[in-house]
Amino acid sequence: MAAIEPKTATLKNGKEVCIRTPVAEDAPRVIRYLKTVFVDDRFFMTTEEEAQKWQEPEREQKILHENYLDDNKLILATEMNQRIISLSNVHAGERNRNRHVGQMGISILPEYRGNGLGTAIMQAMIDWGTAHPVIEKLALGVWADNAPAIALYEKMGFIEEGRKVREVKYADGQYDDCICMYRFV
Ligand SMILES: CC(C)(COP(=O)(O)OP(=O)(O)OC[C@H]1O[C@@H](n2cnc3c(N)ncnc32)[C@H](O)[C@@H]1OP(=O)(O)O)[C@@H](O)C(=O)NCCC(=O)NCCS
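We now turn to the structure provided with this report. Computed from a predicted model, the values in this text were never measured in an experiment.

### Observations regarding the sheet that holds strand β1 (residues 7-10)
Here eight strands make up an open sheet; going across it, the order is β1-β2-β3-β4-β5-β6-β8-β7 and the pairing mixed. Of all strands in the sheet, those bounded by a partner on one side alone are β1 and β7 (159-169). Adjacent strand axes in the sheet meet at a mean angle of 25°, parallel and antiparallel pairs treated alike. When β1 meets strand β2 (residues 16-20), the two strands line up antiparallel, connected through four bridges. When the sheet's bridge partners are listed, Thr10 is paired in β2 with Glu16. Sheet strands in contact with helix α4 (residues 117-131) are β1, β2, β3 (73-80), β4 (83-92), β5 (101-108), β6 (137-143) and β8 (175-184), and its direction is about 160° off that of β5.

The structure is reproduced here in structure tokens:
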């Protein structure tokens, strides 16, 4: 089972949030979050249109339940006033030769960014990865023009290990590179 003890974090603006593992009953609120966060999908691989298929309550319930039961897949939801304001995850590799690598992802609703929440969530994921019996390396990919995310990852000890050139192509024909970053735990 991949779950953490719920953690309270105080943001720079003094507001308190709860970082915890979501369960199947959270599906409607997770869907509400996904509908909002993908409105600005520039920094994600998934487009808003593609994300719409995730917004089926039964599918979401199943994903949350399966992740909860899986030792190697952590999802974290951050709540403020009963509303989910961030989702993040670490998924360990599924093959014998990459089980030691946890791939990470994080998103926060726009109005809650820049207040230290990303730092608190990344720390919770790093703590989980550090305590995990198999994970040795945490890894992620970030678009080269996503300065706030790169600053967060560098702050949390992540180092660039390579760059996938023109890995992303937007509908307007523009490209971006994907910077691969890692840290050992
Ligand atoms: C990336 C993201 C998770 C960062 O979360 P956050 O809560 O804003 O991060 P924090 O407030 O903890 O900031 C961490 C550090 O990043 C830097 N930072 C924050 N906002 C920044 C900005 N707008 N520009 C440049 N650097 C910034 C600061 O150095 C900060 O460190 P400090 O608090 O010690 O000064 C958030 O901006 C987000 O959800 N973005 C959209 C989705 C996304 O890009 N996800 C990542 C895809 S790879």
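### Describing the environment of Leu76
Relative to the helices and strands, Leu76 resides in strand β3. Overall, Leu76 belongs to the buried group, its relative accessible area being 0%. Along the chain, Leu76 and Pro28 lie 48 residues apart, while their C-alpha atoms are 15 Å from each other. Setting aside its immediate chain neighbours within four residues, Leu76 contacts Ile4, Ile19, Arg20, Thr21, Pro22, Ser86, Leu87, Ser88, Ile121, Ala124 and Met125.

### Quick look at the pairing of β8
Counting buried residues in β8 gives seven out of ten residues, a clear majority hidden from the surface. Looking at chain direction, β6 and β8 are connected through seven bridges and run antiparallel. Note on β8: the bridge partner recorded for Val142 is Ile179. Sheet topology note: the β7/β8 ladder contains seven bridges and is antiparallel. Bridging from a neighbouring strand, Lys169 pairs with Tyr175 of β8. In sequence, β7 turns back onto β8 through a hairpin of five residues, with Gly173 there showing a positive phi of about 90°.

Criteria and thresholds
- Residues numbered from 1 in each chain as written.
- Predicted model: local features only at pLDDT ≥ 70, side-chain atom pairs only at ≥ 80, totals over all residues.
- Heavy atoms only, no water.
- Pairing = 2+ DSSP bridges.
- Helix = DSSP H or I, 4+ residues; strand = E, 2+ residues; numbered from the N terminus.
- Axes fitted to C-alpha atoms, helices over the stretch in contact; angles between N-to-C directions.
- Contact = heavy atoms within 4.5 Å.
- Buried < 20%, exposed > 50% of the residue type's maximum accessible area, 1.4 Å probe, protein only.

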